[in-house]
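# Fold and contact review
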Amino acid sequence: MSTETNLRRDFLRLAGAGITGAALTVKADQGPAYPAASSPAAASFDVRTFGATGDGKTLDTAAINKTIDAAAAAGGGTVLFRAGNYLSYSIHLKSHVALHLDAGATIIAADPPAEGAPGFDLPEPNQWDMYQDFGHSHFRNSLLWGEEIENIAIVGTGRIWGKGLSRGTGQGPNAHDPGVGNKSISLKNCHNVLLRDFSILHGGHFGILANGVDNLTIDNLKIDTNRDGMDVDACRNVRISNCYVNSPWDDGICLKADYALGRAKQTEYVTITNCYVSGCWEEGTLLDGTYKRFAPDVRVPHTGRIKFGTESNGGFRNITISNCVFEGCQGLALETVDGAILEDVTITNISMRDIISAPIFMRLGNRMRGPDNTPVGTLKRVIISNLVCS
């Protein structure tokens, strides 16, 4: 056997031993310990280490934000929420930081503060707020928010409960009051974002509001809420998959293109697949598996649908929707009324049951809520196939 062959054999043997040693170590008192890179423990920062209690009574806002700041200062990492109830006001997301919600971990939006006391962050000024409603125009008055950040994630099988959030209108806290929050998750001008596996209960005006977010992945979320489930607004390269959204009082999965960023930006290159939307279940009963229908005398709009618009300044292009189920809600809506183009859309393999409105609603209108002299938009090249409704 040649020297070269022996050297190659010894190298492979030693390299294999090194890989094995790195991949699995054993501690007598703890059993096997797997490498940090394969678990949330890699560059991890536990919020309890920084003072969070997780008792559901003590405000953990400062401790949570301190933990995120530490992870960001270290160049990035994972902020861990072990099982527990973390009562909080506004949590500030940072670049290169992931939040991991363990099973049994719940981040709870605290109740609105007493007058004059600190609460959720104040809504930032927006000189274009006349072109969309209050909820769409401001981002920082939220439970979790991030602006101009990149490479972030919220993952894990825990929960976000917007208990103290305003729904924007009607009963409950007034979103315009200082210290009141109205969104569970709010993201503005971000890129490379992953939202996966957690649930949202009672999400406020928006469970998720993403505006100007590029490279956005939303996967395997369960949202059971009192207004919009998720709004994807002026975003590019979006993948929404395997989600369950029950939103009887507003839209389930909604694509928009408003003027909150001060420009008309397209929502484009979007896929929505393998999702379930509904408007027929009492809030919370999708998540707990009891699926309780509203009593006949309860007035509920049963909205819960997949929709484009109504906010439609920028437009909608190159979008595909497939393999989705609608139940007990309104039908599919494609609307451009503020000057947007809506084009190159394919929709296929859709199953609907107990739909309370038209299964398909398409509208080209001239509401024109936007800058002066904007022309009416266009609606063209839309293909809908393999849709059944009963």
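Residues numbered from 1 in each chain as written. Predicted model: local features only at pLDDT ≥ 70, side-chain atom pairs only at ≥ 80, totals over all residues. Heavy atoms only, no water.

With that settled, consider the pattern of salt bridges. Per the stated rule, a full pass over the model turns up 23 salt bridges. Arg-196 serves as the salt-bridge partner of Asp-219, at 3.2 Å between the closest nitrogen and oxygen. Of the two residues, Asp-219 sits in strand β17 (residues 214-219) while Arg-196 sits in strand β14 (residues 191-196), which places them 23 residues apart along the sequence. Measuring nitrogen to oxygen at the nearest pair gives 3.4 Å for the salt bridge that ties Glu-327 to Arg-293. Of this pair, Glu-327 sits in strand β26 (residues 315-327) while Arg-293 is found in the loop between β24 (276-278) and β25 (306-312), placing the two residues 34 residues apart along the sequence. Overall, the relative accessible area of 17% leaves Glu-327 in the buried class. (Salt bridge = Lys/Arg side-chain N within 4 Å of Asp/Glu carboxyl O. Helix = DSSP H or I, 4+ residues; strand = E, 2+ residues; numbered from the N terminus. Buried < 20%, exposed > 50% of the residue type's maximum accessible area, 1.4 Å probe, protein only.)

All right, on to the environment of Phe-294 then. Looking at the element boundaries, Phe-294 is found in the loop between β24 and β25. By relative accessible area, which is 15% here, Phe-294 ends up buried. Separated by 13 residues in the primary sequence, Phe-294 and Trp-281 have C-alpha atoms spaced 6.4 Å apart. Leave out the neighbours within four places in its chain, and Phe-294 touches Pro-248, Trp-249, Gly-279, Cys-280, Trp-281, Glu-282, Glu-283, Val-300 and His-302. (Contact = heavy atoms within 4.5 Å.)

Attention now moves to the environment of Arg-353. When you line up the elements, Arg-353 lands in strand β28 (residues 341-353). Residue classification places Arg-353 among the partly exposed residues on the basis of a relative accessible area of 48%. Each C-alpha atom, one on Arg-353 and one on Ser-390, is 4.8 Å from the other, the two residues being 37 residues apart in sequence. When near neighbours in sequence (up to four residues on either side) are disregarded, Arg-353 contacts Phe-326, Glu-327, Gly-328 and Ser-390.

A separate point is the packing of aromatic side chains. Throughout the structure, instances matching the rule amount to six aromatic pairs. Centre to centre, the rings of Tyr-89 and Phe-120 are 4.9 Å apart; their planes meet at 85°, and the pair counts as edge-to-face. Note that Tyr-89 is positioned in the loop between β6 (84-88) and β7 (91-92) and Phe-120 in the loop between β9 (105-109) and α3 (134-137), a separation of 31 residues in sequence. For Phe-120, a relative accessible area of 2% puts it in the buried group. Judged by centre distance (5.4 Å) and plane angle (85°), the ring pair of Tyr-131 and Tyr-259 falls under edge-to-face. Residue Tyr-131 is found in the loop between β9 and α3, and its partner Tyr-259 is found in the loop between β22 (253-257) and β23 (267-273); the two are separated by 128 residues along the sequence. (Phe/Tyr/Trp six-rings, centres within 6.5 Å; stacked < 30°, edge-to-face > 60°.)

A few words now on the sheet that holds strand β16 (residues 206-211). Adjacent strands of a sheet form backbone hydrogen bonds with each other and so pair up, either parallel or antiparallel. If you walk across this open sheet you meet the nine strands as β7-β10-β13-β16-β19-β22-β25-β27-β29, and the pairing is parallel. Unpaired on one side and paired on the other, β7 and β29 (360-364) mark the two borders of the sheet. (Pairing = 2+ DSSP bridges.)

The predicted model of the protein has a mean per-residue pLDDT of 91, with 89% of residues at 70 or higher. Under a pLDDT of 50 for its full length, residues 1-38 has, in the predicted model, 16 contacts with residues more than four places off or in other chains. (pLDDT = per-residue confidence, 0-100.)

Right, let's talk about unusual backbone geometry for a bit. In this model, Gly-309 is joined to Thr-310 through a cis peptide bond whose omega is 10°. Note that Thr-310 resides in strand β25. Positive phi values are uncommon outside glycine, yet Asn-220 reaches one of about 60°. Examined against the element boundaries, Asn-220 turns out to sit in the loop between β17 and β18 (222-224). One non-glycine residue, Tyr-291, adopts positive backbone phi at about 45°. You can see Tyr-291 is positioned in the loop between β24 and β25.

You can see His-136 is positioned in helix α3. At 2.6 Å, the side chain of His-136 forms a polar contact with the side chain of Asp-133. With sequence-adjacent residues up to four places away left out, His-136 is seen in contact with Phe-206, Leu-209, Asp-231, Asp-233, Lys-256, Asp-258, Ala-260 and Glu-311. (Polar contact = N/O pair within 3.5 Å; in protein donor to acceptor, adjacent residues only side chain to side chain.)

Most often, soluble globular proteins keep nonpolar side chains buried together rather than apart. In this structure, Phe-81, Leu-144, Ile-240 and Ile-272 are the most contacted members of the largest nonpolar core, which totals 74 residues. Residues in contact with Ile-272, not counting those within four places in the same chain, are Ile-240, Ile-253, Leu-255, Ile-306, Thr-320, Ile-321, Ser-322 and Cys-324. Among the nonpolar cores identified, the runner-up in size contains six residues, and Leu-201, Cys-280, Trp-281 and Leu-287 belong to it. (Core = buried A, V, L, I, M, F, W, Y, C linked by side-chain atoms within 4.5 Å.)

Our focus in this paragraph is the pairing of β26. Bridging between β23 and β26 involves six bridges; their strand directions are parallel. Within the sheet, the bridge partner assigned to Glu-268 lies in β26 and is Arg-317. Bridge count for β24 against β26 is three bridges, and the pairing is parallel. Among the inter-strand pairings, Val-277 is bridged to a residue of β26, identified as Phe-326. As judged from the eleven bridges shared by β26 and β28, these two strands associate in the parallel manner. Bridging from a neighbouring strand, Cys-324 pairs with Ile-350 of β28.

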